[in-house]
Amino acid sequence: MPLSIAVGQASLPGAKGENQDFAAVATPEHDALRSKGVALAVADGVGKGRGGGALARDSVKGILSGWYSSPETWSGARCLKDLFDDRNRLARRDHPGAACTLTMVAVAGRELILAHVGDSRAWLVRSGEARQLSVDHVWDDPDLRSVLHRAIGLDDGIVAQLAREEVRPGDWVVLGTDGFHKSFDPASLGALLAGGGALDDLAERLVRTARERGNDDDATVVLARIDDVGDPEASWLGDSSRLEAVDPPPVEGDEFDGFRLHRRIGSSRTSSVWLADDREEERRVVLKIPVPAAVEEESQKAEFLREEWLGRRISHPGVVPVLALRPGRRTRLYYAMPWTSGVPVRRILSRDGAMDAYAATRLGLDVASALRALHRQGVLHRDVKPDNILRDEAGRHMLTDLGVARVDAFADGGGVPGTASYMAPELFEGAVAQERTEIFALGVTLYECLTRRLPYGEIEPFSRPRFGAAPPPSRWNPDIPSWLESIVMKAIEPDPEKRFQVVSELEVLLERRERVEDAVSSERFDARTRIRQWQGIALLAVVVAILEAIALLAR
Amino acid sequence: MQIKEFMKAGHPPTLFASFLYFDISFMIWVLLGPLGVAIAKDLDLDPSQKGFMVALPYLSGAFARFFMGMAVDRIGAKATGIVGQVLVIGGLSWAWIGGIHTLSQVHVLGLFLGIAGASFAVSLPLASRWYPPEAQGLAMGIAGAGNSGTVFSALFAPLLAKHLGWNAVFGVALIPALLTLLAFVWLAKDAPDQPPPKTLRQYGKVLKDKDTWWFMGFYSVTFGGFSGLAASLVIYFNAQFGVDPVHAGYLAAGCVLAGSVARPIGGRVADRFGGIRSLQTIYLVVAVSLALVAVFSQNIALTLVFFVTGMLGLGMGNGSVFQLIPQRFRKEIGLLTGLVGMAGGLGGFYLATSLGVAKQVTGTYATGFYVFVGLAVLAFLGVLGVKRRWRSTWGSPLNTTARI
């Protein structure tokens, strides 16, 4: 059942003339309703002669349009933080000297999210009881009672209050500027809302009542009555939730939904990947078909569908996308990707041996660029390794398999997935994946591509290894230039603080073929190894001496 | 997980009671092994009858584990433990008071002793359910350290048998059995959150996973080896080298102690280097050790040395398998411990019986050992396969609830 909300609003200018308040509501349909929900916003402009009203209007319109165009892969909180920063920055630039409050609530699925600065207020009214959700950002001093300490345009930086609440059918969300709430006892709100009737009229009545009570400021109120909540799962799954995996494992020649399976190109514990002909669109595609046992439970199925959902929303040449199929075409659970001539780097390594510096640098740059795009969208891949990187005929690399990706917009269930040999040390201690752990995986991948060995050896899943000093790649392949080596070594630093912190750091150095500044020089490694060798020889000599002594004495 | 956090996280009295219950139960479970020489003399048993006699509790234990596992889910671990212990006490009392005069009576007693072996299915869930997932491995390790009960049997049973007669030993065993029952009733408590009972369908699902079968196979070799040897060592030292039961008991106790102590070490090694990699080395060590036992079957000193190395390997193998299980089968851990435990019991039954049969049919125990060596080699090859299959992505993202 989709979210169903009835809305109404009213705004009365105050005694001082031009109305400096502004309010707006957005009630989209279908996909936007499912992902971003219904959004309400009010703003109260401060500084009459200085364009407070214009700022209020710009802020409300800006934040609502920004909300609906923000990436779906970002969490609501991240979007709103970003949007409030934008609004503040634009206010300082376009309306210097003016300020305004800004209070916004979005309701989607079964939740609402609030983002707020200023002294306008937001309430949640449930069963006749009104609870204020927003915090009044005014000085709590009798003399300073109506001085804002947080507002759009007030300062260079801004910190919005963010809050989340569960919503139920029958709940009301009410937003109001101080022209309304200064003369309104929230306790009476519940009773007034129960009155019924068209919401616009109800809102009108509320602001008029506020005026009658002697409040001569601009008064604005926005009402939203939640008639039906959405289903959080369906909010992003859509129709695909009814799809099920089919039991007999797929074989060459299978035909379904207008696809004909041509050849299997990969398989894992949880799924198989097939080259197929798309009869309907007359093209070749790649299908990822889950193993039924791996999608038996609803949560597992949701994971597979999340993988598809995510793939549909990433568009970067360095990431293999997911194709949007005609709605209703699929009768079973799988998803399609465009056919690419890409070969997994893993296979290239076994076929052709270690890569040279040029090829590795190319790979590093392509993958780094892809990771940067993913991170910008609030997505962490979490499984970077040669098996998940494809190289096409033109020598371009693409990341594939978003199966364990972490998406900002989805609540984190905990758990630390990945492939053990490519996981950063802090992940084994239970840390959360971040850019630095992705960099580590990329570093290990580069190391492996250059030397066909793993810097810390093959790490088994379910173990907690100790990370000592890795031998520099030049130990295995002396042709590796020292600048590349220094970059790889910094990327695979066990101490996360000493590693690259953001992907672009690594990318810039690769591009410019530049050496890492604070690199640990290779000479030190060689010296350590040399000392060890001499120690070994000395020990051997001592042992031999002792044995000889014993032999002599025994004679 | 730090020790302090661990102690606060769960329920120490229950953990202690589980450990005690498991320890004493294990002691009782393997009782026939050390007493085997004395019983065989009085009842005039041949080698294969001897082998079967000490092996039977493992067989009945394997099945009892399954049923007790089901009972644990339905009536709670504490209640099941009490019922099991009462049955065991009943069996011991019957054996002591009525006396054992025929082989069939020994077999009946063996069946009852098997119930003590199923204590595994009670102790582990009882203790671990109090703890959060990340600590369950450690909790099970502590409760499972009750393996050491076998050492007590080997140390004391022959000595008691010599002075009081083997029948009286069953009576003596009643003392710790009753004390444990009391402590158990008083200290142990079922954890508040009980997972729902496991259905046969769930067992079916978990049996479809290749890894389940491999783990069962791995544990049937490591635990089968450990328990099979624990049951057979006294008889072996006596029959092969003519050592008297009491001293054979001491030698056996030493070997079993090595195996017991090695279990947590195996867990640690698995943690550091990976359980699969550890098992690789372990199976080779076990295979070589037991092969050398067969080769040097005339030299008691070397035999002892290689039994110890073999037991160290087997003990470590037990620890490694159980380090892997809670992590690999996070959600189905109860199902796995039940199945794997059963497989271990069957392995012990097989080894003890096969040694007896080998001696009976060929005149030496060597064949029995060599076949087991073959199984260890098979396990080694199996590990290589698992290692290859496990070189992939693990863990699910667990994030499928969209938020606004």
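Residues numbered from 1 in each chain as written. Chains lettered and ligands numbered in written order. Predicted model: local features only at pLDDT ≥ 70, side-chain atom pairs only at ≥ 80, totals over all residues.

When helices and strands are counted, chain A shows 15 helices and 22 strands. The C-alpha extent of chain A, read off along each of the three principal axes, is 115 × 65 × 50 Å. Each of the 555 residues in chain A was classed as buried or not, and the buried ones make up 43%. In chain A, of all internal contacts separated by at least 6 residues, the share reaching a separation of at least 24 is 70%. (Helix = DSSP H or I, 4+ residues; strand = E, 2+ residues; numbered from the N terminus. Buried ≥ 20, exposed ≤ 12 C-beta atoms within 10 Å, placed from the backbone. Contact = placed C-beta atoms within 7 Å.)

Turning our attention to the overall build of chain B. Along the backbone of chain B there are 17 helices and one strand. For chain B, the C-alpha radius of gyration of 21 Å lies close to 22 Å, the compact-globule estimate for 404 residues. Judged by the C-alpha coordinates and their principal axes, chain B covers about 80 × 45 × 40 Å. Residues classed as buried in chain B amount to 59% of the 404 residues present. Counted over contacts in chain B with a minimum sequence separation of 6, partners at least 24 positions apart contribute 85%. (Rg over C-alpha atoms; globule rule 2.2 N^0.38 Å.)

Across the boundary between the two partners, chain B contributes 26 residues, which contact 42 residues of chain A. Of all the secondary structure elements, the ones that give two or more residues to the side of chain B that touches chain A are α13 (245-273), α14 (275-295), α15 (300-328) and β1 (401-402) of chain B. Ranked by residue count, the leading element in the side of chain B that touches chain A is α13(B), at four residues. Its residues placed into classes, the side of chain B that touches chain A shows 10 nonpolar, 10 polar and six charged. (Nonpolar A, V, L, I, M, F, W, Y, C, P; charged D, E, K, R; others polar.)

Our focus in this paragraph is the sheet that holds strand β14 (residues 271-278) of chain A. Residues and elements named next belong to chain A. Strand order in the open sheet formed by five strands is β12-β13-β14-β15-β16, with antiparallel pairing between adjacent strands. In this open sheet, the two edge strands, each paired with only one partner strand, are β12 (255-256) and β16 (335-338). Where strand β13 (residues 259-267) and β14 come together, seven bridges link them in antiparallel fashion. Of the residues in β14, the one forming a bridge with F259 is D278. (Pairing = 2+ DSSP bridges.)

Let us now look at the pairing of strand β15 (residues 283-290) of chain A. All names here are of chain A. Inspection of the sheet shows β14 paired to β15 by eight bridges, in the antiparallel sense. Residue pairing for β15: D278 is matched across the bridge by R283. Here β14 folds back onto β15, and the loop between the two strands holds four residues, one of which, E282, carries a positive phi near 50°. Strand direction decides the pairing type here: β15 and β16, joined by four bridges, are antiparallel. Bridge pairing in β16 places V285 opposite P338.

Our focus in this paragraph is helix α12 (residues 210-241) of chain B. Residue and element names in this part refer to chain B. With 32 residues, α12 should cover 46 Å at 1.5 Å per step; its first-to-last C-alpha distance of 43 Å lies within 8% of that length. At S232, α12 is deflected by roughly 45°, the largest bend along its length. α12 sits mainly inside the fold: 26 of its 32 residues count as buried. Once α12 finishes, G242 follows within two positions and takes phi at roughly 70°, a positive value. (Expected span 1.5 Å × (residues − 1). Bend = angle between axes of the 7 residues up to and from the residue.)

A separate point is the sheet that holds strand β8 (residues 129-132) of chain A. Residue and element names in this part refer to chain A. Taken in spatial order, the five strands make up an open sheet running β1-β11-β10-β7-β8, and their pairing is antiparallel. Edge positions in the sheet fall to β1 (4-12) and β8, since each has one partner strand and no second. With direction set aside, neighbouring strand axes in the sheet form an average angle of 20°. In the packing of helix α5 (residues 186-193) onto the sheet, the strands contacted are β7 (121-126), β8 and β10 (172-176), and the crossing angle to β8 comes to about 130°. Sitting on the sheet, helix α6 (residues 199-212) is in contact with β1 and β11 (219-228), with an inclination near 35° to β1. (Axes fitted to C-alpha atoms, helices over the stretch in contact; angles between N-to-C directions.)

This part is about helix α14 (residues 503-511) of chain A. All names here are of chain A. Every buried residue of α14 is accounted for by V503, L506, L509 and L510. Buried positions in α14, seen along its axis, are confined to an arc of 135° and lie on one side of it. The inward-facing, buried residues of α14 abut α10 (357-376), α12 (435-451) and α13 (482-491). Where α14 terminates, the next one or two residues include R513, which has phi positive at roughly 55°. (Arc of directions from axis to C-beta.)

Residues and elements named next belong to chain B. Across chain B, the average pLDDT comes to 89, with 95% of residues at 70 or higher. Across chain B, the secondary-structure element scoring lowest on mean pLDDT is β1, at 63, and the one scoring highest is α14, at 96. Across the interfaces of the predicted complex, the ipTM metric reaches 0.85, alongside a pTM of 0.85. (pLDDT = per-residue confidence, 0-100.)

With that settled, consider the packing of α14(B) against helix α17 (residues 366-389) of chain B. All names here are of chain B. Close contact between α14 and α17 brings their axes to 9 Å; oriented N to C, the two are set at 165°. Accordingly, the angle class assigned to the pair α14 and α17 is roughly antiparallel. The chirality of how α14 crosses α17 is left-handed. Between α14 and α17, the contacting residues are I276, L279, Q280, Y283, L284, V286, A287, L290, A291, V293 and A294 on the first element and A366, F369, Y370, F372, V373, A376, V377, A379, F380, V383, V386 and K387 on the second. (Parallel < 35°, antiparallel > 145°, perpendicular 65-115°, else oblique. Left-handed = near helix turned anticlockwise from the far one by under 90°.)

Right, let's get into the nonpolar core. By size, the foremost hydrophobic cluster in this structure holds 138 residues, and its most contacted members are I28(B) and A252(B). It is α12(B) that contributes the most residues to this core, 16 residues altogether. Ignoring sequence-local partners within four residues, the contact set of A252(B) consists of P34(B), A154(B), L233(B), V234(B) and F237(B). The next biggest cluster of nonpolar side chains, apart from the first, holds 73 residues, and it includes W309(A), V416(A), I487(A) and L510(A). (Core = buried A, V, L, I, M, F, W, Y, C linked by C-beta atoms within 7 Å.)

Here the phi dihedral of E282(A) falls at roughly 50°; this positive angle occurs in a residue that is not glycine. Among the structural elements, E282(A) can be located in the loop between β14 and β15. Assessed through the 7 C-beta atoms surrounding it within 10 Å, E282(A) is described here as exposed. For D44(B), which is not glycine, the phi dihedral falls at a positive 55°. With respect to the helices and strands, the residue D44(B) is situated in the loop between α3 (32-43) and α4 (47-75). Take D44(B): there are 8 C-beta atoms within 10 Å of it, and that puts it in the exposed class.

Residue and element names in this part refer to chain A. You can see A203 is positioned in helix α6. A residue is classified by how many C-beta atoms lie within 10 Å of it, and A203, with 23 of them, is buried. Taking the C-alpha atoms as reference points, A203 and A10, 193 residues apart in sequence, are found 5.3 Å from one another.

Before going further, it helps to examine the packing of helix α2 (residues 52-69) of chain A against helix α3 (residues 76-94) of chain A. All names here are of chain A. Following both chains from N to C, one finds α2 and α3 inclined at 150°, their axes separated by 10 Å at the closest point. Relative to α3, α2 is oriented roughly antiparallel. At the point where α2 passes α3, the crossing takes the right-handed sense. Contacts between α2 and α3 involve L55, S59, G62, I63, G66 and W67 from the former and C79, L83, D86, R87 and A91 from the latter. Looking at the contact of α2 with α3, its residues break down into six nonpolar, three polar and two charged.

Residue and element names in this part refer to chain A. Checked against the element boundaries, R211 lands in helix α6. C-alpha separation for the pair R211 and A433, spaced 222 residues apart in sequence, amounts to 54 Å. Those residues in contact with R211 that sit more than four places away from it in its chain are L12 and A219.

This part is about the environment of S134(A). All names here are of chain A. Secondary-structure assignment places S134 in the loop between β8 and β9 (161-166). Each C-alpha atom, one on S134 and one on W123, is 7.3 Å from the other, the two residues being 11 residues apart in sequence. If near-sequence neighbours (up to four positions away) are discounted, S134 is found in contact with T103, L114, H116, R121, A122 and Q161.

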